[in-house]
Structure formats: structure tokens, C-alpha cells
Amino acid sequence: MPPSKPALDSASIRILDLLQQNAEMSISELAEATGLSASPCWRRVNDLKESGVIKGSVALVDAQALGLAVNVFVQVSLKQQDRESLDVFNAAIRTKPEIVECYLMTGEADYMLRVVVEDLMKFQTLVVDFLTRIPGVANIRSSFALGQIKYTTALPTGHLKAGRGG
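Asker: Whenever I open this one, the side chain of Thr-34 confuses me. Can you help?
Answerer: Considering the arrangement of structural elements, one finds Thr-34 in helix H2 (residues 27-34). The exposure class assigned to Thr-34 is buried, which follows from its relative accessible area of 17%.

Here's what the structure looks like:
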């Protein structure tokens, strides 16, 4: 059963939008921006955290500033897609910090990875010494990103506003 859409009012949605842009906003800044007083605003933020809508707050770090110039999308196909093969692959992928995203997919490949590394040699090492050695891996295809056109961690909230007149 798919997860249900959370029942959020317009003030809570506005809080989410603001915090997704700047998680360091103070409660007083959030309250002012949403038209709430500080105490109810704090309660709403706390409720969003407790309900799991807000999973955490992080610092977004610039990859280029850390010398991570190579951004690669990697499609991986397994020999078979049974539970054991998937579990082995999933566990292995979780051990590598340079694999910053991993998705189980439909279509031609079983997985799509996003890898961020310093240079091509680091990527080659990851492929040859790690990915090819995961039991059950059948095929690896890589595409190198030439430039980043859009990047955001903010999730859309417009669908939550539908039917609210806003």
C-alpha cells in the first residue's frame, strides 16, 4: 500500500518550503515568514520532525570545493534479481561513501548509482576493484556528467496545496 499524503495545512507547508531552502532559519524568522507566533511555529516544526516529515537537517557541501570534480551515473545489471542477490548488492553499495545515491530501477538496468570522485583513476578503481567484484554483477554502464543544470534537495509541495486555494 503506498504511503498516504500527509495532512498538512498551509502554514506547515510554508514552513517546509522555507526550511528546505534554509534549515538554519530561526523559529522567530519562520514564525514571521508564516504569520504565526513563535510558540505555535515551534510546535509545528517539532510535529513535522516527530511525524517523520522532516527527517533531519544537513549542511550541503559543494563537491567542487572538496575536489570532487567527476560526477558519474552508473547503471548496474545483476545476473539475477532474487532477494539474496539484491541484498548482497545493497549491502556492498552502502559501504562506499563515493556512491552518494543508489536506486533500484525498472527497465534495462537493475540499479542506478550516482558516484562522485576526484578523478577518472578513482572512478576506474571503484569499478575494477569494487563494483566488478560484487557477486552477481553482470553489466556496468557509466555516463559522465559534463555539467550540472539543476540540483536541489527541496521536494515539491505544490500537490499538498491543491484544493486549498493556494
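Right, picking up where we left off after that structure.
Asker: Mind showing me how you'd approach the environment of Leu-48 here?
Answerer: By the secondary structure assignment, Leu-48 is in helix H3 (residues 38-50). Residue classification places Leu-48 among the buried residues on the basis of a relative accessible area of 3%. Sequence separation between Leu-48 and Thr-95 is 47 residues, and the spatial gap between their C-alpha atoms is 30 Å. When near neighbours in sequence (up to four residues on either side) are disregarded, Leu-48 contacts Leu-8, Ser-12, Ile-15, Leu-16, Val-53 and Ile-54.

Asker: Help me out: how do you make sense of the sheet that holds strand S1 (residues 70-78) in this one?
Answerer: Strand pairing within a sheet occurs via backbone hydrogen bonds; the two strands may be parallel or antiparallel. What the four strands build is an open sheet, ordered S2-S3-S1-S4; its pairing is antiparallel. At either end of the open sheet lies a strand with only one pairing partner, and these are strand S2 (99-104) and strand S4 (137-144). Taken pair by pair, the neighbouring strands of this sheet meet at an average axis angle of 20°, ignoring direction. Across seven bridges, S1 lies against S4 in antiparallel orientation. The partner of Phe-73 across the bridge, within S4, is Ser-143. Strands in contact with helix H4 (residues 83-93) are S1, S2, strand S3 (111-117) and S4; relative to S3, the strand with the most contacts, it is inclined by about 15°.

Thresholds applied
Residues numbered from 1 in each chain as written. Predicted model: local features only at pLDDT ≥ 70, side-chain atom pairs only at ≥ 80, totals over all residues. Heavy atoms only, no water. Helix = DSSP H or I, 4+ residues; strand = E, 2+ residues; numbered from the N terminus. Buried < 20%, exposed > 50% of the residue type's maximum accessible area, 1.4 Å probe, protein only. Contact = heavy atoms within 4.5 Å. Pairing = 2+ DSSP bridges. Axes fitted to C-alpha atoms, helices over the stretch in contact; angles between N-to-C directions.

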